[in-house]
Each structure stands twice: as C-alpha cells, then as structure tokens.
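For reference, the chains in residue letters:
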Amino acid sequence: MTQSTAIPMPDHAAAVLQLPVIGMSCASCVRRVEQALLATPGVSAASVNLASEKAEVTLAAYGQTQALLQTVKNCGYETRTEQYQLSVIGMSCASCVGKVEKALLGLPGVLSAQVNLAAEIATVEVLAGNLDAAALIKAVRSTGYDAAPLAAERDDDNARREQEQQQLQRDFWLAAGLTLPVFVLEMGAHIIPGMQQWLAETLGQPLNWGIQLLLTTLVLFGPGRRFLSKGLPALWRRAPDMNSLVALGSLSAWGFSLVATFAGQWLPQGTRHVYFEAAAVIVTLILLGRLLEARAKGRTGEAIQHLLGLQVKTARVKRGAELVDVELADIQVGDVLVVRPGERIATDGEVLEGESYVDESMLTGEPLPLAKAPGDELVGGTVNKNGALTFRAAKVGGDTLLSQIIRMVEQAQGAKLPIQALVDKVTAIFVPLVMATAALTFVVWLLFGPQPALSFALINAVAVLIIACPCAMGLATPTSIMVGTGRAAALGILFRRGDALQSLRDSKIVALDKTGTLTKGQPELTDLICQPGFEEDNLLALVAAAEQHSEHPLAEAIVRAARERSLTLSEPQEFIALPGLGIRALVDGKRVEIGADRFMQQLGLDLMSAELRPLAAQSTALAAAGKSPLYAAIDGKLAAVIAVADPVKDTTPAAINALHALGLKVAMITGDNERTAQAIAAQLGIDEVVAGVMPEGKVEALKTLRARYGALAFVGDGINDAPALAEADVGLAIGTGTDIAIEAADVVLMNGDLRAVPNALAISQATLRNIRQNLFWAFAYNALLIPLAAGALYPAYGVLLSPMLAAGAMAMSSVFVLSNALRLKRFKAVLG
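Residues numbered from 1 in each chain as written. Predicted model: local features only at pLDDT ≥ 70, side-chain atom pairs only at ≥ 80, totals over all residues. Heavy atoms only, no water.

An unreviewed UniProt entry lists the protein under the name P-type Cu(+) transporter, from Thalassolituus pacificus. Its UniProt record, at the heading Sequence similarities (unreviewed entry), says of the protein: "Belongs to the cation transport ATPase (P-type) (TC 3.A.3) family. Type IB subfamily." Under the heading Subcellular location (unreviewed entry), UniProt records this for the protein: "Cell membrane". (UniProt positions renumbered as here; feature names shortened; annotations may be inferred.)

Draft legend 1. Representation of the pattern of salt bridges in the model. Under the criterion given, the structure shown has 17 salt bridges. A salt bridge links Arg316 to Glu343, with the nearest nitrogen and oxygen atoms 3.3 Å apart. Taken together, the residues Arg316 in strand β8 (residues 314-319) and Glu343 in the loop between β10 (336-339) and β11 (348-353) connect sequence positions 27 residues apart. Taking relative accessible area as the criterion, Arg316 reaches 17% and is therefore assigned buried. (Salt bridge = Lys/Arg side-chain N within 4 Å of Asp/Glu carboxyl O. Helix = DSSP H or I, 4+ residues; strand = E, 2+ residues; numbered from the N terminus. Buried < 20%, exposed > 50% of the residue type's maximum accessible area, 1.4 Å probe, protein only.)

Draft legend 2. Seen up close, the side chain of Thr441. You can see Thr441 is positioned in helix α14 (residues 420-448). Residue Thr441 is classed as buried on the basis of its relative accessible area of 6%. In this structure, Thr441 is in contact with Asn460, Ala461, Val464 and Ala790, ignoring residues within four places of it in sequence. (Contact = heavy atoms within 4.5 Å.)

Draft legend 3. Seen up close, the sheet that holds strand β15 (residues 383-384). Reading across from one edge, β13-β12-β15 is the order of the three strands in this open sheet, with antiparallel pairing throughout. The open sheet has two edge strands with one neighbour each: β13 (370-372) and β15. As judged from the three bridges shared by strand β12 (residues 356-359) and β13, these two strands associate in the antiparallel manner. Following the sheet pairing, Ser356 is matched in β13 by Lys372. (Pairing = 2+ DSSP bridges.)

Draft legend 4. Representation of the packing of aromatic side chains in the model. Under the definition given, this model contains six aromatic pairs. Ring plane angle 20° and centroid distance 5.5 Å describe the contact between Trp445 and Phe456, whose orientation is recorded as stacked. Here Trp445 is found in helix α14, whereas its partner Phe456 is found in helix α15 (residues 453-467), with 11 residues between them in sequence. Of the residues examined, Trp445 reaches a relative accessible area of 8% and is grouped as buried. Taken together, the aromatic side chains of Trp445, Phe456 and Tyr794 make up a single cluster linked through ring pairs. (Phe/Tyr/Trp six-rings, centres within 6.5 Å; stacked < 30°, edge-to-face > 60°.)

Draft legend 5. Broad picture of unusual backbone geometry. Pro452 follows Gln451 through a cis peptide bond whose omega is -5°. Within the secondary structure layout, Pro452 lies in the loop between α14 and α15. Phi is positive for Asp588, close to 50°, though the residue is something other than glycine.

Draft legend 6. Inspection of a positive patch on the surface at higher detail. Where like charges cluster on the molecular surface, the positive patch consists of Arg769, Arg772, Arg823 and Arg826. With respect to the secondary-structure elements, Arg826 resides in the segment after α29 (803-822). Overall, the relative accessible area of 58% leaves Arg826 in the exposed class. (Patch = residues over 30% accessible without salt bridge, like charges linked within 9 Å, V, L, I, M, F, W, Y side chains within 5 Å. Areas by Shrake-Rupley, 256 points an atom, 1.4 Å probe, with all protein chains shown as cover. Lys, Arg positive; Asp, Glu negative; His and termini not counted. Charge placed at Lys NZ, Arg CZ, Asp CG, Glu CD.)

Draft legend 7. Focus on the sheet that holds strand β27 (residues 712-716). Spatial strand order, β17-β29-β28-β27-β18-β25-β26: seven strands in an open sheet with mixed pairing. The two strands at the open ends of the sheet, each matched to only one other strand, are β17 (493-495) and β26 (688-690). The average undirected angle you get between the axes of adjacent strands in this sheet is 20°. Of the pairings in the sheet, the one linking strand β28 (residues 730-734) to strand β29 (residues 747-749) comprises three bridges and is parallel in character. Bridge pairing links Ala733 to Val748 in β29. Running over the sheet, helix α25 (residues 698-709) touches β18 (509-513), β25 (665-669), β26 and β27 and is turned about 160° from β25. (Axes fitted to C-alpha atoms, helices over the stretch in contact; angles between N-to-C directions.)

Draft legend 8. Region of interest: the pairing of strand β4 (residues 81-89). As paired strands, β4 and strand β6 (residues 121-127) are joined by seven bridges and run antiparallel to one another. Each residue of the ladder has a partner; that of Tyr84, found in β6, is Val124. As judged from the four bridges shared by β4 and strand β7 (residues 146-149), these two strands associate in the antiparallel manner. Across the sheet, Ile89 pairs through a bridge with Asp146, a residue of β7.

Draft legend 9. A look at the environment of Tyr84. Take Tyr84: it is sitting in strand β4. Sequence separation between Tyr84 and Leu136 is 52 residues; the distance between their C-alpha atoms is 8.7 Å. Ignoring sequence-local partners within four residues, the contact set of Tyr84 consists of Ala122, Thr123, Val124, Val126, Leu131, Asp132, Ala133 and Leu136.

Draft legend 10. Region of interest: the side chain of Glu688. Secondary-structure assignment places Glu688 in strand β26. Excluding anything up to four places from it in sequence, Glu688 contacts Val666, Ala667, Met668, Leu705, Arg708 and Tyr709.

Draft legend 11. Main features of a nonpolar patch on the surface. A contiguous nonpolar patch, built from Leu440, Val443, Val444, Leu446, Leu447 and Phe448 and spanning about 600 Å² of accessible area, is present on the exposed surface. Tracing the sequence through the fold places Val443 in helix α14. Its relative accessible area of 41% is what places Val443 among the partly exposed residues.

So this is what it looks like as structure tokens:
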C-alpha cells in the first residue's frame, strides 16, 4: 500500500486536474461536489460534469491534491486512482531515492511515490486520467536516471542486472590492473627499504610522476567515468549524490597532483606532493564495493525470481481433436489443457479427466502432494507428479493464484515502513551536509594545521567526501524488507502490505476467531455412549436416518459419521422438527427421538434416576469439555448420549504455545456460549475469552481488547471476518489454498495452518531486528568515521584516515548492510 502524501504544487503556476467522481446521480450531486471543491483550500476553480463523472479542478499555488480526495469522500462519493510501477536505472544511494521521489511527487496529480533502492522500483499512485507512464518516466529522466515501465522491464531485468554485473566486473579488473603500478610506484617507496633510491636512480621523479598521471587518468576517465558522468551533472543541478562525493574526492586528489606535477612552483613551499594513488585506489575500491553490492542486491530479489520461474512458457491445449502448444499469454478461460506427469501446471483450473498427485509445496508450504481427481481445483505453477490430467482453465493471466502471489510480494517488497521516515529526513540533507563538512575540514586544516597545511587540508577533505557515502543508509531498510517478505512467501506467508511487518512486530495481543481458525470449522461426531442393550452401529444408523432431513449443523455431523462408517440409512416414514427441543421420526417402525435433556424430561425419562444418572453425568462431563451433548431415545427408552463438537485443529495447541513463547497474549472470540468457550480456552491455555459474540460484534470486541492490551492482531478465515480484519492493527487471514485474495487482510496465511501465525510474527520480529541492525551500522558508521576522516584524533594521537582506507571502508559499509539483510534467507520457522 502506498503512503499518502500531500503534494505542494509549484508556486510559479496553477495546475488543472481531472478528478474522477464516482456515484453522482443528479444535478444536486454535481452542485454539492462543486461547492465542496471550491471551498477546499488551494482550489481556484472547479467544474463538475455529471455525464463524464469528472471534475476539472484548477489548483492555485500550493494547492494540495490529497485534499481533493478527502473532499470528494466527505461528500459521499468515490474517486479513482491508478498505480504505475517503473524500473529506475542508475540509482546508487539514499539521496538518489529522495531526488526521484521529489521529482515524481512534484507532478500534478501524483498522490504518492515510493522508490525502493534495493529493488530499483518506483511505485506511483496518481489520480486517474491525469498522468501516464510516459510523463512519469520523463520526470525520472529529468533527475539524471533512466526509467521504463516495470511490465516491459521484467523479462529483461535479469539480463540487465547480469550485464551490469559483468560491466562492473570488467571495470573493476581494468581499474585494478591500472591502479596496482601506481600504488607500487608511490607507496612502495614508503614500504620497501631502498626502493625510493632505486626509483630515483632508474626513473627519476618526473617520469615516475608522469607514469602515475597517465595510469590514474586512464582509471579516472575510463572505469571511473561512471562517477563523473553522474556526479558532476548532479552538482550542476544542485542535487549532489554519492557519485558527486566520489567525483569531487577523486578529482580533487588528481587535480592537486596534476598541478604538483606540471606547476609545482604555484604551490606553497613543502606542499609539492602527488596523490595519484589516492585517486586511483578510491575509484578501484568503490568499483569493488559496487560489484559486491550488485551481486548481493541480485540475491535479495531471488524470491520474486523463484516465483516467476514457476510460470510455464507454453502449455498443451486442445484445439478440436488436436493438442497444440500455446504460449501462456494466449491461454483463455475455458480452454481445455493436458498436463503430463512431471510437468508444471500452466494455469488455475478444474480437473476434467484423470487422477494424479500434485505437489503444491512451492505455493502453500505443504510438503505432501495432494490427490487430484475430476472436480478438484488445480493451481498454476504446481507440479503434476504421476498421472496425466485434463483440466479446464478457470483463471488466466493476472487472475491466477501465482500472479496474485507475485503481485502481493512485489507490493510488500516495495513498501516503506514507518521506521524509514527517519532515514528519509536524514538523507534529504546528508550529502550537502557532508560537502559542507569537507569544505570546513579543508579550511580548518589550511588555517590551523601543521605544515604542509595544504596537503593535510586536501587529504582530510577528500577522506571526508569519500567515507560519507549514504549508500548503506539507503539500502538498510529496503533490502531487509525484500529478503524478509521473500522468505515469508516461501513459508506460505504473504504480506499484502509491507508496513504490516512493523505493525505485526508491535502487536501485544493476538485475537483468534474460533470457528475455522482454532477449529476445523466443521462439526464432527466425537462421542456415542450407548446404554446396555443397544448396539452402536445399529443405533447410529437409526439416529442418522432420523437426522438426515434436518438442516441443523449437529445433524449434518451425525449423518456424515454414519456415512463414513458405510452404514445404510433408511428413509424415515415420519419426521417432525420440534423447535428448541429436538426431532421425532419413525424409522423402520421404531420411534426415534433426539434432543436435549429438557426434551427427555418431556418424554417422561428421569435423568436423575439411578438407572440413568451415570449417563447424565457423562453428558455433563462432555458439555464441560466444550462439546454439545444430545440424548437419543428409541421407542420411549433412553438409548444413548451423543456428543458433537467442532474439533480443535491438531496444530492449534502448538501454535498457541508458540505465541505465548513470543511474549504475546492470546484471546479467542466466538459466538459459542460461555461454558463451551471457557472449556476450549482452558484446553488450549488461552488468556482471554470473548464469548457469545455475533459476527457484527467482533469489531467492538477487538476495540475492547485493544484498549486493555495495546496493539492487536486478529486472525480470521477471511470470509465473514472482513470487518474485524480491517479493524485490527494487523489482520491475518487464513487462506484455503486457492482462496487467498482477501482484500481486508494485511497478511494472508496460505495453507490454513494456525502455526503460520507465530511464524509470521517471528519473521516480522526478525526483519525489524535486522533493519535496526542495518540502520545502527549505517548511522554509527558515519557518525564515528566522518570526524575521524576530518582528523579529529590527530591532535591527541596523530591519527589520520587515508582516502584509500576511507574508500575501502565506504564500500564495505554497503556490503555489510546487504550481507546482514541476506541472513534473513536462513530464517527458520519457529513451527514447521
């Protein structure tokens, strides 16, 4: 979900926006909307057209687009927005992200813009009908970066990334080959005894410096050209970035050395030194860092690449009597497809012929293949194991389950967490602040430093420029989100909103719907206790025959149990439903009466008699265990007590224990009576019970729990729990295989297993912990090393940081952040 942002319009011109208004039906609607828009601050004119359902709004300077949406909503109507995703090429640090976002947000009609540095994707929400992809791309290109629609780029993305890595690798090795002689010529004299004298005798200073100049120039304007071509134009635009810092630092060292080589007389006495090795090594080490960074960034997107890899390229489709290989994009709903053993299923559909087992583990996390027969559903991307299947395509293209999953993961990976707000504020001023710090460092050393002051001033200023790259800050959050949500998807946990990662981590209590979440959602016959003289199967056949025309859920459970035992059910000659009591039927000449204890009392059966008291005690014990007991009488004689219950899922107790182990309170919300609910809660160790709640009362129940405990997560089945899922701070919907597109939920648990809830919480906590580690490293790195680069330790300890070491440290900071984020790929589920 994109963040909403108030967009100040440029102060030099008004903007005319087309605002879709949906739901108007008459002239009074038009007048109402028009008047409301004209009363909105910043609107100078508004004209509403009922036929086209659009309002043309003229915004004066500093008008706010977001306010228009709220105005329309307050009038009781809806508007329409469009979302675009662009692949943005060439960004290198957090300041690049800020520039692209600012350019996009400056366009009239843009509601929000989020740029993910790690994924190199911009997600932009606009008012429908105002902007197209071309306008957005033009805005991105105006900042010095390239862009293309993501859909067009997706197929070529791997190739582009691979090409980028190969180019970086070539540039690095070329730079390293050219830099090594420079380093040896300059630093070898300080390291190897006698080498300085040997160089003076064999090469002489002019030739030595000339060779260094030639090789460094080749490094700077060859492999290092990428920094100059991006960094210098950014300076002219007054929007410096990381490339600007590298360009300034390396050119300063190279330029000073150039003057020292050819016009040393212009320099103060004692300052004629060359720093060619610093300029060359800076470029080489930063290229190494970029190469390692590119490789690591490629690994952060492996989850999406894996999901995309599940899509087949072609499928075998029946065309008349023939089988034809058809491209995936050409498959239509209703097409009949054939899939052979070992092949991947092309699209979602329903089995028409054949039987097989299908491996759905890559989507649901369930390890065992599922049996498929005619009438069963198939999911595109899964693997047919051992039998040929013929199926009809039910969903194609973007409607398939796999496409929905890819879309969810991409949206989550492109999201910004609230914790990112601090990073955005810092990086907006970071690069200019670094340049100011470098300038101040130069002046202070020049005025107050020891001789040769100019050399000290240059070296320390260059070190500040190089070491302060904001790459690590820009990568700290998005890389962790990408890897964390990707790992979650592999575990069958889909974050529909990326910021749910942080919200889920902050939860204090987890509220669980009972039916279908804690329990199987389908009542089952659990107990059948017969009186002496009655045989169990015969009695069950009579009771089920009597109940087979009842619509009560308990009756369905009894009939299902009889059919599972393959019992023959006779057709009752008579059937009477007695509301509030039970039923009476005539089956095979026997009068069968089934109901609660009050019905038995009406029949004249004394449950407190010595003969029947043991059976009544067992009925009470069953009720205390959370089951629903019924009595059955045959021809007026009490025959048995029957218990029906919605059984707790086998995995539920372990899930509840795991939630407690994570430090969370657990609540259960149910429509059951208090006694049944408390019995189940005691069995599972649940902390809070809210019983007797009608579906419409769940929202109030959640508000009460939130007021008592704090941030709340709610887990439901997503069918009748939509209001509660939307009300919770985080809504987790338990999916059922193919039914995952639950709009009200923030997180979808695909396999219907409650153990996914503690797994989701655990990966949320692990991801936020990883982000905090990255941000600490990124901020602490700059806070500690910028003063060191500026020479803060020199007065007391005589310690200075060489620009070469600064370049290496800068490159390693980004690699550290990326490597730390990639540790999330090894996240182990707390329950498996």
